[in-house]
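Here is how the chains run, residue by residue.
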Amino acid sequence: DDGDKMALYLSVYVIMLSVSMWSLGPYLFHRRAALEESTGEGVNRVNGDAENAGVRNEAHSSDAERASSAAGDTTSTNDDDTKRALLGVARNVFNANVNACLLGILTGICTPVRDIIFQPGRAFSYVSYSADSLADAAIPSILLIIGCSLANGPDYKMADKKSAIAVLITRFIIIPFITIGLYYGLKDAGVAPTNHVFWLSFLLLGATPTANNVMLQAQMFHSDENAIAGVGTLLLYQYAVVPVVLVGWISWFLAIV
């Protein structure tokens, strides 16, 4: 029973993490690239940014038009710019990864659809077999990407040693203590499940290293190719210390729970 509960809690966490990371992450990357373009500090090489660049050029043209237009035209142009901005945000937020999470949730809660796809021998069971094959290859592929980014050793151009140490302190000291504080606050408030499995999952997730999603986002959305090596360097530092640090945190969490 404890194992089933742990799987349930971790599944909810993974879904919420994926939706939040893959909605905010691409938006922030695109926003950063747009700012670099506007200040002339970098060249935007993000996929799909040609269309966004066209939208920005239209916005700049609209600025010149508004300077010589009447008040009514100004309001109309402002509305058009607002719609374009909202559409751009929506395109970044509802990307393929977020849409896949939402589709998975809908499939899971719709019993007939779930059974016809995931029950062996059903009409569309080949879909689940294909998904399993892709899932089996996903993590090894990400690890290969990280390994290739570190083929020539750590790259300190985008992430120097001070930055790496700051990430280690934040990830493995500050955030776990914040998680422990939330544990006591939420537990005393009675707003969360009372079983120990939930709280052990809650505490563990506050002390785990950065996920590989960050590497994928850097590769897919960052305008500077060196960022991949920088993220790989930060992950290398984390994975180097996590065997010792995480064992200590797990021991403390078990004592607390």
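Preceding this paragraph is the structure being described.
Cut-offs and rules
- Residues numbered from 1 in each chain as written.
- Predicted model: local features only at pLDDT ≥ 70, side-chain atom pairs only at ≥ 80, totals over all residues.
- Heavy atoms only, no water.
- Helix = DSSP H or I, 4+ residues; strand = E, 2+ residues; numbered from the N terminus.
- Contact = heavy atoms within 4.5 Å.
- Areas by Shrake-Rupley, 256 points an atom, 1.4 Å probe, with all protein chains shown as cover.
- Phe/Tyr/Trp six-rings, centres within 6.5 Å; stacked < 30°, edge-to-face > 60°.
- Axes fitted to C-alpha atoms, helices over the stretch in contact; angles between N-to-C directions.
- Left-handed = near helix turned anticlockwise from the far one by under 90°.
- Nonpolar A, V, L, I, M, F, W, Y, C, P; charged D, E, K, R; others polar.
- Parallel < 35°, antiparallel > 145°, perpendicular 65-115°, else oblique.
- Core = buried A, V, L, I, M, F, W, Y, C linked by side-chain atoms within 4.5 Å.
- Buried < 20%, exposed > 50% of the residue type's maximum accessible area, 1.4 Å probe, protein only.
- Salt bridge = Lys/Arg side-chain N within 4 Å of Asp/Glu carboxyl O.
- Expected span 1.5 Å × (residues − 1).
- Bend = angle between axes of the 7 residues up to and from the residue.
- Patch = residues over 30% accessible without salt bridge, like charges linked within 9 Å, V, L, I, M, F, W, Y side chains within 5 Å.

Q: What am I meant to see in the overall build of the protein chain here?
A: What the protein chain contains, in helices and strands, is ten helices and zero strands. Along the protein chain, from the amino end to the carboxyl end, the secondary structure elements read α-α-α-α-α-α-α-α-α-α. Relative to all contacts within the protein chain whose residues are 6 or more apart in sequence, the contacts with residues 24 or more apart total 71%. Taken as a whole, the protein chain presents about 15,500 Å² of accessible surface, with 65% of it coming from carbon and sulfur.

Q: Is there a simple way to explain the packing of aromatic side chains in this structure?
A: Any aromatic ring pair is given by two values, namely how distant the centres are and how the planes are angled relative to each other. According to the stated counting rule, one finds eleven aromatic pairs in the structure shown. Geometrically, the ring pair formed by F124 and Y126 is tilted, given 6.2 Å between the ring centres and 45° between the ring planes. Geometrically, the ring pair formed by W199 and F202 is edge-to-face, given 5.5 Å between the ring centres and 80° between the ring planes. In this pair, W199 and F202 both sit in helix α8 (residues 196–205), three residues apart, roughly one turn of the helix.

Q: What is the right way to look at the packing of helix α1 (residues 2–39) against helix α9 (residues 213–221) in this model?
A: In a pair of packed helices, the angle between the axes and the distance between the axes together describe the arrangement. As a packed pair, α1 and α9 sit with axes 10 Å apart at the nearest point and diverge in direction by 35°. Judged by the twist between their axes, the crossing of α1 over α9 is right-handed. Facing α1, whose interface residues are M21, W22, G25, P26, F29 and H30, α9 presents N213, V214, L216, Q217, A218, M220 and F221. Residue classes in the contact of α1 with α9 are distributed as nine nonpolar, four polar and no charged.

Q: It is not clear to me how the packing of α8 against helix α10 (residues 226–256) should be interpreted in this structure. Could you clarify?
A: Where α8 meets α10, the closest approach of the two axes is 10 Å, and the angle between their N-to-C directions is 150°. In terms of orientation, α8 lies roughly antiparallel with respect to α10. The hand of the α8/α10 crossing is right-handed. Where α8 abuts α10, its residues L200, L203 and L204 lie against I250, F253, L254 and I256.

Q: Explanation requested: the nonpolar core in the structure shown.
A: Inside soluble globular proteins, nonpolar side chains tend to come together where they are buried. Judged by nonpolar contacts, the single largest core of 16 residues is most densely connected at I180, Y183, L203, A207, W249, F253 and I256. Put simply, the parts of the chain that give this core at least two residues each are α7 (161–189), α8 and α10. Discounting chain neighbours no more than four positions away, the residues touching W249 are F172, I173, P176, F177, I180 and A207.

Q: What is the right way to read the side chain of S18 from this model?
A: Counting through the fold element by element, S18 comes out in helix α1. Leaving out residues up to four positions away in the same chain, S18 has contacts with S23 and C101.

Q: I keep staring at the pattern of salt bridges and nothing clicks. Help me out?
A: Any two side chains of opposite charge can pair, so long as their charged atoms come close to each other. According to the stated counting rule, one finds one salt bridge in the structure shown. For R114, the salt bridge goes to D115, with nearest N and O atoms at 3.9 Å. A relative accessible area of 31% places R114 in the partly exposed class.

Q: When you look at α10 in this model, what are you seeing that I'm missing?
A: The first and last C-alpha atoms of α10 sit 42 Å apart over 31 residues, in line with the 45 Å expected at 1.5 Å per residue. At V242, α10 shows its maximal bend, which comes to roughly 55°, and the proline P243 appears one to four places after that position.

Q: Before we go on, may I ask you to explain the side chain of T107 in this structure?
A: Mapping T107 onto the fold places it in helix α4 (residues 96–109). Among the residues examined, T107 registers a relative accessible area of 14% and is labelled buried.

Q: Mind showing me how you'd approach a nonpolar patch on the surface here?
A: A contiguous nonpolar surface patch, about 900 Å² in accessible area, is contributed by I165, I169, I173, I174, F177, I178, L182, L186, V191 and W252. Ranked by residues supplied to the nonpolar patch, first place goes to α7 with eight residues. Topologically, F177 is positioned in helix α7.

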